[in-house]
Amino acid sequence: MSSNRKIDLALEAKELAEGSARQTTRLSGVRAEEDTVFGLPLTRVDILDQRGEQALGKPRGTYLTMELPELPQEREEILRAARGVAAMLETLPCLPQTGLVLVVGLGNRQVTPDAVGPKTADALLVTRHLIQNLPDQFAGLRPVAALAPGVTGATGMESGELLAALVKRLNPVCLIAVDALAARRQERVCRTIQVADTGIVPGSGVGNARMALDQKTLGVPVIAVGVPTVVDAATLCLDLLEESGEKSFDPAIFRQEGAEWFVTPRTIDSQVHTLSRILGLGISTALHVDFSVEDVEKWTS
């Protein structure tokens, strides 16, 4: 797979690898299936072994990608997308039905394309404090805690350092990390939601990789939930040039020092707001197994 492109979505990594290998079926060590969830397109990519890891440049595990034909605006469409998020999470065996879950909203709240994680944390149904303070009244709820740890430049601490200490203190059965991603195709920006059981490396999508958050580093299963909010400009240019048949360019010109550019939609503010609401509703519905998405909506409104 070309090292000139930055790709966070496993679906896009598979597309690029198949194209470069002139394949139309499957890659060695990779299994892919297409389906729908609540009427929305769903692609499952399983990286099975080291061959698959090398082909896609990602750790082995399961990657579920739901695509939104357009950003939902009406309440029913938002709830449908949230049900899809919940269904993807419920598919993963590493998410137990009981026990404390810690949800982490990664990113910088002050930078709109990077704020989907913190804003999702704001939209969650958190219950750990209710169960601790009023155990009789809220005994039927699952304990859920949330944190938006901020960025190293503001706190002086890696998110991984903070979370390692918090996991040791709270002893959750699972951690869900929500972060903004970078897409290869502009049509997938703010239209794609990826769920993976492999953990996450914060900042990797914009070339600012930090400490990995996964079971090896934190000691608990880590589910990554991501939404691409930007396109790497170099990746976009490379794809457009190749599609036009232009071959006489040097890809290295897009990777010169100081030439890191990212493109984001003009209406990113409203799109991040809507996507964060979808993720908050969907994650909460998956965690509170006795609640419908409508129930979660009432509790969080």
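Above this note sits the structure.
Since we're looking at a predicted model, the values are computed, not measured. Numbering of residues begins from 1 in every chain and follows the order in which that chain's sequence is written. Confidence filtering applies because this is a predicted model: local features only for residues at pLDDT of at least 70, side-chain atom pairs given and counted only at 80 or more, and all residues used for totals across whole chains, interfaces and linings. Side-chain metrics in this entry use all non-hydrogen atoms of the structure; hydrogen atoms and water are not considered.

A. Geometry of the packing of helix α3 (residues 75–91) against helix α11 (residues 293–300). Each axis is a line fitted through C-alpha atoms, and for a helix only the stretch in contact is used; angles between axes span 0 to 180 degrees, taken between their N-to-C directions. A helix here means a DSSP run of H or I that spans at least four residues, while a strand means a run of E at least two residues long, and both kinds are numbered starting from the N terminus. Close contact between α3 and α11 brings their axes to 10 Å; oriented N to C, the two are set at 110°. Classified by the interaxial angle, the pair formed by α3 and α11 is roughly perpendicular. For α3 against α11, the interelement crossing comes out right-handed. Across from R75, L79, A82 and R83 in α3, the residues of α11 making contact are V293, E294 and E297. Should an angle lie under 35 degrees it is considered roughly parallel, over 145 roughly antiparallel, and from 65 to 115 roughly perpendicular; all remaining angles are considered oblique. The hand of a helix crossing depends on one turn: near helix anticlockwise from the far one by less than a right angle means left-handed, and clockwise means right-handed. Any two residues having at least one pair of non-hydrogen atoms within 4.5 Å are treated as being in contact.

B. Expanded view of the packing of α3 against helix α10 (residues 268–287). For the pair α3 and α10, the least separation of the axes is 7 Å and the interaxial angle reads 45°. When the axes of α3 and α10 are compared, the pair comes out oblique. In the packing of α3 onto α10, the handedness of the crossing is right-handed. Residue-level inspection shows I78, L79, A81, A82, V85, A86, L89 and E90 of α3 in contact with α10, the latter providing T274, R277, I278, L279, L281, G282, I283, T285 and A286. Charged means Asp, Glu, Lys or Arg here, nonpolar means Ala, Val, Leu, Ile, Met, Phe, Trp, Tyr, Cys or Pro, and polar covers whatever is left, Gly included. Residues that form the contact of α3 with α10 fall into these classes: 12 nonpolar, 3 polar and 2 charged.

C. Up close: the pairing of strand β8 (residues 222–232). Partly exposed residues are those whose accessible area sits between 20% and 50% of the maximum for their type, while under 20% is buried and over 50% is exposed, using a 1.4 Å probe and protein chains only. The buried fraction of β8 amounts to 11 of the 11 residues, a majority that puts the element mostly inside the structure. By the bridge criterion, 9 bridges tie strand β6 (residues 174–183) to β8 in an arrangement that is parallel. Across the sheet, A180 pairs through a bridge with V227, a residue of β8. Note: strand β7 (residues 192–196) against β8, 3 bridges, orientation antiparallel. Bridging across to β8, Q194 finds its partner in G226. Any two strands with at least two DSSP bridges between them are considered paired.

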